[in-house]
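Report on the structure
Each chain is listed here by its residues.
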Amino acid sequence: MRPTPAPALLAIAIAITQGCSPNPVPSTGSATNAAASPSAPHPPVATPTAPRPWFEPVGPGSGLDFRHHIGTGGRFYLPEMESGGVGLVDFNRDGRLDVLCIDGGSVDPSQVRQPNHRLYRNDSAWRFTDVTAASGLRVHSGFGMGCTIGDYDRDGWPDLYITQYGGNHLFRNRGDGTFEDVTRHAGVGVDSLSTSAAFLDYDTDEHLDLIVVNYVRWTPEVERECFSSGGRRDYCSPLNYQAPAPPVLFHNRGDGTFEDVTREAGLLSAFGNGLGVATGDFDRDGRVDLFIANDAMANQLWLNQGQGRFRDDAPLRGCALNAVGIPRAGMGVVAVDLLQRGWLDLFVTHLVGEGNGLFLNERGIFTDWLVPDGPMAGSQPYTGFGVEFADFDNDGRLDLYVANGRVKLGLRESDPRHPYAEPDTLKRGLGDGRFLDVPFAGLSREDLGVGRGLAIGDLDNDGGLDVLVVRRDAPILILRNRVAGTHHWIALQLEDVRGNEVRNAMVRIEAEGRVLWRQHQPNQGYASSQDPRVHFGLGSASRVGHVWIRWPDGQAEDFGSLPTDQIHTIRQGRGTAAPGAFGW
Amino acid sequence: MASPESLPGYDVPRRLRILSAVFLLLVAAAVVQWIRRPPLLPIPTPRDAAALDPQVRAHLEAVIDGVRQAPRSAMRRATLGIAYAANGLWNEARQAFLDTARIDPDEPLARMYAAVALEELAELPGAFREFQALTAQEPGFAPGWYRVGECALRTGDLGAAESAFTRLSTLAPDEWRGPAGLGEVRLRQGRAADAIPLLEKSLDLETTARPARFLLGQAYRSVGRTNEARIALAVGAASVRHPMSDDWSELAHHHMKSIPDQLVKAEELCGAGRPDLAVDLLGEALKFHPDHPGLSHQQAMALNQTGQADKALAVLDRLITKDPKAIAPWITRSYSQVLLGRNEQGLADARAALSLATNSSHAHIAAANAWLAMERDIEAVAAVREAIRCDPRNPEIPLELGNILWRNLNDTNGALAQVERAIEIDPGQPRALAMLGFLSLESGNTNRARAAAEQLGRLAPQSAEYRELRAALPQR
């Protein structure tokens, strides 16, 4: 009798479920005669002690009056929950960081409303002007999710990439304060539900390539009815759609166009519900790798094999799942050298109950690190999105800011009127991976919101890092640094030999015996882009003894001693070759 | 007959005194019992009952009525706590468990679940303190030590975790979570070599303990046993950490009444070979949600499995009429048609699903199923290959393709290639390893068959596949 596999095929069909389970610095200082040139002196603030609170909110009176929208609400459309990004970009090269804010719009087919992304020019002294209309930065359709920033055409003017549901957009900076939508010409119009994206030069051809992370293959028609505890209507988990969307890797041809190399690169062999992306040389083989944080699915660590090929080694290297093999809801992610020893760790924000996670990089092998006073401690009550490590108090130790906000109705509501709202988290770094909570996230009282995109940067060039948080369906949160105090600092603007932007350079400095590490990559966190300058807090050190840089092409240079409390422009090729300085 | 009064040594006042004393003692006991009776506590009710799923609400109301009838019953309070917990209402659950503990202070599960509720409310430090207090008072309570250990691991307190899992291993030597917890502590201490025997012991106690296998994979990786690590990590991945069971956790299943829970339970019943029970369960849920497409669709799938494809067809016809763009009902109807012998209609339904979603692997598989029923194996193979293209990471699909190539087309090499593909995606699939073994035997590669059997024996020694493969292997 002929065997028929039909019952087994039926068994696969049983698995079909329908229900729910659930910016360049001022060019005033010429860099032509010096290895590194101070471009703007910034004397330390003469405050004897760091004031508390750490931040002072800046209101819409500043002119930065962005408000994020998600439409009419009530239908629980998936993209509404993940929308909202912010980018820091000196688009007019006046030395001041301008602000790009990403709106949602409306995803409801019956309530079409185009996203109202905004570009604010920083006029100094905490005054901003909405220049969206004059800049030509107009998107007529889709639902905004996030942004990333990079000079893809190497003309010296930073360009903007906006991720959306319903088509992404690349805006080329013309250099005259206006932008042109070159999406179609460049070939980067991903039609998916894109979230985070990053510019990187994975093949070291000096042209910035682009990785775009996608969440779920979603349309309003596939929206489902989902519930939270007790059966209340709520947003769905991405798992309910059983339709993770693969990322897209674009190779920059160098002629203003990109080619989709996702398949050739191998990135279609594993993917999940992508929300965050971080880039860096995680295995120190000299090539830039990719880490993609997935929501409720295993993460991918795409190790760059050269020749345009990548291999997912997350399962074996220990950063796919948590310590016991359980996938977590990865949202935002940053590559950070937490212990300051030249290895890039990965910090991923997660869902309430899971706690944020640090994958500690031990010579290329990651450990899901858990210590009572680590950066993950105490994060279980919150759902983290935007995230960045930065030295806010300039004491030489990295601090941590996480923008929190729920995706599901909670068991305990901090504010009954805004059931998804949560307070943000600020942790003061104590060094050696230990942290201490700063009350009210550095404010004078609790402030709730549904935090999504987070950008950190020195908006007033005073050496203190400021904070911007785009909150779902709410005004932007702008926090002016009040804690940097008398501590010294230094900021570096990195350029390649032709004066163009570089990515993923490793920077090591020595200041009065202390060695500090940073990777230069502003495109990380959640759907956002950070200050493009590399910032170091120096504590009481009034001089930086050495600045070593390992450039993306593998060359290492020593830029010698630099004065503090300034922003320096560092150009590749103007230092002293230091081939053994990094050891890899 | 002598009267009692006349009996020697019996005097009336003394007798009265004794009787009075007994009476007073009884009264005193009654008073003490009355004073010490369980307090009449208010009954915790859902904060926003109107927003609850109607089936959940109805169930909770019934449980609350039970408490009202016997408000001083610790078990009824506990049942209410379990019902709240089972439906994710942890605030209310905590209150019910605290009430239970007040009524019956000697019941450690009440205090444990009050702390579990706190943990579920993401208040880890508070929960940890309560678990520790519980084990201090109840040092012989194994589930309490498990909770202390787990909570300590989550907060990074390795010392407390080590003590707790050591104690758990002593109290419950057959519990795999004891050595697994100690193994995780050793791994976090950077002592991978010491973790290995602990984790292997844990897997000896419970072969299917995926968290332990994942931890073992990390330990193997750390000591350079890369190939073993790769397999253990793959097999242990994507696990769910089920807490140590106890008398109350076993009850929770009966109180889960939300739609997602009904769907999951129905799937589990179908998977366990009891689709009849799934039909009943979904029928009950549909009384509360008569128009819910997910429940109806799941019911149709269960009906197919019970051999009632005609009834499934009626359900699916209604779903398709209501929403012709929904893909799943078309796919399931395709199976119903085939089960009823209407193979052409089955193929037509699968094609209808494909017209709605060309990249649906499930729709391609439904088409393959119809082709197979028509004995059109070549077309079936082509359809399954399309399914693989749509869902390249699903190991089940190449396995099915391998099965068709092997059984229907006698293409052993082709089948082997598909099975190898499935194993590459998931190295721990018992069915794939068994197929590899049988196919290797068939192709004369006994060594590879033995290796597959050994691997299968490590991963699933109790499985039917392992027994069958071992029986088929030639004696050495």
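Here goes a summary of the coordinates provided. None of the values given here were measured: they were computed from a predicted structure.

The side chains of a regular strand alternate between both faces of the sheet. Residues and elements named next belong to chain A. In terms of burial, strand β8 (residues 159–165) is a largely internal element, seven of the seven residues being buried. Here β8 shows no split at all, with Asp-159, Tyr-161, Thr-163 and Tyr-165 on one side and Leu-160, Ile-162 and Gln-164 on the other all buried. Where strand β7 (residues 143–150) meets β8, seven bridges bridge the pair, whose relative direction is antiparallel. Residue pairing in the sheet places Thr-148 in a bridge with Tyr-161 of β8. Relative to strand β9 (residues 169–173), β8 is paired through three bridges, and the arrangement is antiparallel. Considered in β9, the bridge of Tyr-161 is made with Leu-170.

Residue and element names in this part refer to chain A. Spatial ordering of the open sheet is given by β17-β18-β19-β20, a layout of four strands whose pairing is antiparallel. Only two strands of the sheet have a single neighbouring strand rather than two, namely β17 (274–280) and β20 (309–312). On average, each strand axis in the sheet is tilted by 25° relative to the strand beside it, whichever way the strands run. Sheet topology places strand β18 (residues 289–294) next to strand β19 (residues 300–306); three bridges connect them, and they run antiparallel. Paired with Ile-292 across the strands is Gln-300, a residue of β19.

A few words now on the environment of B:Ile425. Residues and elements named next belong to chain B. Along the chain, Ile-425 turns up in helix α23 (residues 412–425). The class of Ile-425 is partly exposed, set by a relative accessible area of 31%. On a C-alpha basis, the gap between Ile-425 and Glu-379 in space is 25 Å, while along the polypeptide they are 46 residues apart. Each residue touching Ile-425, except ones within four places of it in the same chain, is listed here: Pro-392, Arg-393, Asn-394, Pro-395 and Pro-398.

Residue and element names in this part refer to chain A. Residues Asp-345 and Phe-347 line one face of strand β22 (residues 345–348) and the alternating positions Leu-346 and Val-348 line the opposite face, and both faces are buried. Pairing geometry for strand β21 (residues 333–336) and β22, over four bridges, is antiparallel. Within the sheet, the bridge partner assigned to Val-336 lies in β22 and is Asp-345. Taken together, the three bridges between β22 and strand β23 (residues 357–362) define a ladder with antiparallel strand orientation. When the sheet's bridge partners are listed, Val-348 is paired in β23 with Gly-357.

We now examine the interface of chain A and chain B. Each side of the interface is counted separately: chain A has 54 residues, and chain B has 69 residues. Between chain A and chain B we count zero salt bridges in total. The interface formed by chain A and chain B contains six residue pairs in polar contact (both at pLDDT 80 or more). Going through the elements one at a time, α1 (6–14), α5 (314–317) and β24 (365–369) of chain A are the ones with two or more residues in the side of chain A that touches chain B. For the side of chain A that touches chain B, the leading source of residues is α1(A), giving seven residues.

With that settled, consider the packing of aromatic side chains. Applying the stated criterion to the full structure yields 24 aromatic pairs over all chains. Residues A:Phe91 and A:Phe179 carry aromatic rings whose centres are separated by 5.9 Å and whose planes lie at 45° to one another, so their mutual orientation is tilted. Of this pair, A:Phe91 sits in the loop between β3 (85–89) and β4 (98–102) while A:Phe179 is found in strand β10 (residues 179–181), placing the two residues 88 residues apart along the sequence. Judged by relative accessible area, which is 3%, A:Phe179 ranks as buried. Between B:Phe97 and B:Trp248, the aromatic rings sit 5.9 Å apart at their centres with planes inclined by 20°, giving stacked as the arrangement. Within this pair, whereas B:Phe97 is found in helix α4 (residues 90–103), its partner B:Trp248 is found in the loop between α12 (226–236) and α13 (249–255), the two being separated by 151 residues in sequence.

Bringing the pattern of salt bridges into the picture now. Following the criterion strictly, the structure yields 47 salt bridges over all chains and no others. A salt bridge links B:Asp99 to B:Arg77; its shortest N-O distance comes to 3.6 Å. Taken together, the positions of B:Asp99 in helix α4 and B:Arg77 in helix α3 (residues 74–86) put the pair 22 residues apart, joining distant regions of the chain. Residues joined in a network through salt bridges with shared partners are A:Asp153, A:Asp155, A:Arg172 and A:Glu180.

Here we come to unusual backbone geometry. Residues and elements named next belong to chain A. Despite not being glycine, Asn-394 shows a phi value in the positive range, around 55°. Residue classification places Asn-394 among the buried positions, given a relative accessible area of 0%. Not every positive phi belongs to a glycine, and Asn-504 is a case in point at roughly 65°. Looking at the element boundaries, Asn-504 is found in the loop between β34 (488–495) and β35 (505–511).

This paragraph deals with the packing of helix α5 (residues 108–120) of chain B against helix α6 (residues 124–137) of chain B. The geometry of a pair of packed helices is captured by two quantities: the angle between their axes and the separation between those axes. Residue and element names in this part refer to chain B. Between α5 and α6, the shortest axis-to-axis distance is 7 Å and the interhelical angle comes to 165°. The angle between α5 and α6 places the two elements in the roughly antiparallel class. Considering the relative orientation of α5 and α6, their crossing is left-handed. For the pair α5 and α6, contact is made by Pro-108, Arg-111, Met-112, Ala-114, Ala-115, Val-116, Leu-118 and Glu-119 and by Leu-124, Gly-126, Ala-127, Glu-130, Phe-131, Leu-134 and Gln-137, respectively. Here the residues of the contact of α5 with α6 sort into 10 nonpolar, two polar and three charged.

About the thresholds
Residues numbered from 1 in each chain as written. Chains lettered and ligands numbered in written order. Predicted model: local features only at pLDDT ≥ 70, side-chain atom pairs only at ≥ 80, totals over all residues. Heavy atoms only, no water. Buried < 20%, exposed > 50% of the residue type's maximum accessible area, 1.4 Å probe, protein only. Helix = DSSP H or I, 4+ residues; strand = E, 2+ residues; numbered from the N terminus. Pairing = 2+ DSSP bridges. Axes fitted to C-alpha atoms, helices over the stretch in contact; angles between N-to-C directions. Contact = heavy atoms within 4.5 Å. Salt bridge = Lys/Arg side-chain N within 4 Å of Asp/Glu carboxyl O. Polar contact = N/O pair within 3.5 Å; in protein donor to acceptor, adjacent residues only side chain to side chain. Phe/Tyr/Trp six-rings, centres within 6.5 Å; stacked < 30°, edge-to-face > 60°. Parallel < 35°, antiparallel > 145°, perpendicular 65-115°, else oblique. Left-handed = near helix turned anticlockwise from the far one by under 90°. Nonpolar A, V, L, I, M, F, W, Y, C, P; charged D, E, K, R; others polar.

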